[in-house]
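Descriptive structure summary
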Amino acid sequence: MTLAQPAVPDCEHDPSVTERFLPVELLTGEPLPDAEVLRLGPVQRRYPFVGVYADGSPPSNGETTLSGPVEHRTAYGPTLPAYERTVPGAREVVAITFDGEAIGRVDDSRIGPMREAKFPIGRWRQGETRHYTASYYTPRGVAQARTSITIEKLSCRYDGTPGAVAFRWKVEDGRRADYGYVFVPGRGLAQVTVYKRGGS
């Protein structure tokens, strides 16, 4: 018996949206706020998503969870409200980082404590790329890597729902990585595209 491959909708780009405020709720799947405010509101959700592979492997179904917020003492100093997140094979803690430009991991069961920018929040422009320095706090000291977020489709219609966002996240040195993500209003994470796995 052959299992059916998951459907992979195209996120249809809306070129009329050239600048936009991306709230935390776009990532959590909770109702979007009326004002341009960044906050980690209560969430307890499970997200089924479609995994797409640039090497031609068949698409697959995946799942992640998000819960919180909890108070998390970061390795770089402050205690921040954070979400606990599970992904296939790991447990993560994510918080608002880099002065409200992004949500990023502050801890990962595979790596340890860290500070990065991974999911864009706040005001962004279509096609914009921002670069960051991710820090990894190891017993041997702090290691760093250059990363970037690029907005591929600031607003697009995914599986019938308008207002989704599609972006690319890269680790540009060290254990290089390259992933694409689609987040959908009222749904949260819907699609992950693997261009290059970290360390592969």
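The structure under discussion appears in the preceding block.
Values in this document were obtained by computation on a predicted structure and should not be read as measured data. (Residues numbered from 1 in each chain as written. Predicted model: local features only at pLDDT ≥ 70, side-chain atom pairs only at ≥ 80, totals over all residues. Heavy atoms only, no water.)

1. Describing the overall build of the protein
Applied cut-off: Strands here are runs of E lasting at least two residues and helices are runs of H or I lasting at least four, both read from the DSSP assignment and numbered beginning at the N terminus. Any two residues whose heavy atoms approach within 4.5 Å are treated as being in contact. Under the convention used here, a 1.4 Å probe and the Shrake-Rupley method define accessible areas, while residue burial counts only the protein chains that appear. For the purpose of counting charges, residues Lys and Arg are taken to be positive, whereas Asp and Glu are taken to be negative. His and the chain ends are not included. Charge placement uses NZ in Lys and CZ in Arg. For Asp and Glu, CG and CD serve respectively.
Secondary structure summary: the protein contains 1 helix and 15 strands in total. Projected onto the principal axes, the alpha-carbon positions of the protein cover approximately 45 × 45 × 30 Å. Long-range contacts, defined as pairs at least 24 residues apart, comprise 40% of the intrachain contacts of the protein with a sequence gap of at least 6. As presented, the protein carries roughly 10000 Å² of accessible surface, and 49% of it is formed by carbon and sulfur atoms. Treating the 25 positive side-chain charges of the protein as one cloud and the 24 negative ones as another, the clouds have centres 5 Å apart.

2. Digging into unusual backbone geometry
We count it as follows: Type-normalised accessible area, obtained with a 1.4 Å probe on protein chains alone, sets the label of each residue: buried when under 20%, exposed when over 50%, and partly exposed for intermediate values.
The omega torsion across Gly68 and Pro69 is 10°, close enough to zero to call that bond cis. Although it is not a glycine, Phe98 sits at a positive phi angle of roughly 50°. For Phe98, the position within the fold is in the loop between strand S6 (90-97) and strand S7 (102-108). Classification of Phe98 as buried rests on a relative accessible area of 15%. Phi is positive for Asp159, close to 50°, though the residue is something other than glycine. Relative to the helices and strands, Asp159 resides in the loop between strand S12 (141-158) and strand S13 (161-171).

3. Structural notes on the pattern of salt bridges
Where we set the bar: For this analysis, a salt bridge means a side-chain nitrogen from Lys or Arg found within 4 Å of a carboxyl oxygen belonging to Asp or Glu.
Counted by the stated rule, this structure contains 18 salt bridges. Across the pair Glu128 and Arg130 runs a salt bridge whose closest N-O atoms are separated by 2.8 Å. Of the two residues, Glu128 and Arg130, both sit in the buried class. Bridged by salt links that share partners, the residues Arg85, Glu92, Arg105, Asp108, Arg110 and Glu116 form one connected network.

4. Re the state of the cysteines
Here a disulfide denotes one covalent bond, and it connects the sulfur atoms of two cysteines. Formally: The rule for a disulfide is simple: a pair of cysteine sulfur atoms within 2.5 Å.
Taken as a whole and judged by the stated rule, the model has 1 disulfide. Disulfide partner of Cys11: Cys156, at an S-S distance of 2.1 Å. As the torsion about the S-S bond is roughly 80°, the Cys11-Cys156 disulfide counts as right-handed. One end of the pair, Cys11, is in the segment before strand S1 (12-13); the other, Cys156, is in strand S12, and 145 residues separate them in sequence. Given a relative accessible area of 5%, Cys11 falls into the buried group.

5. Quick notes on the packing of aromatic side chains
Stated formally: Only Phe, Tyr and Trp rings take part, Trp by its six-membered ring, and two of them pair if their centres are within 6.5 Å. Stacked means planes under 30 degrees apart, edge-to-face means over 60, and tilted covers everything else.
Per the counting criterion, the structure on display carries 9 aromatic pairs. With a centroid separation of 5.7 Å and 80° between ring planes, the pair formed by Phe119 and Tyr181 is classed as edge-to-face. Of this pair, Phe119 sits in strand S9 (residues 119-120) while Tyr181 sits in strand S14 (residues 177-184), placing them 62 residues apart in sequence. Tyr181 carries the same exposure label as Phe119, and that label is buried. Ring geometry for Tyr181 versus Phe183: centroids 6.4 Å apart, planes at 35°, classification tilted. In this structure Phe183 comes out as buried when scored by relative accessible area, which is 4%.

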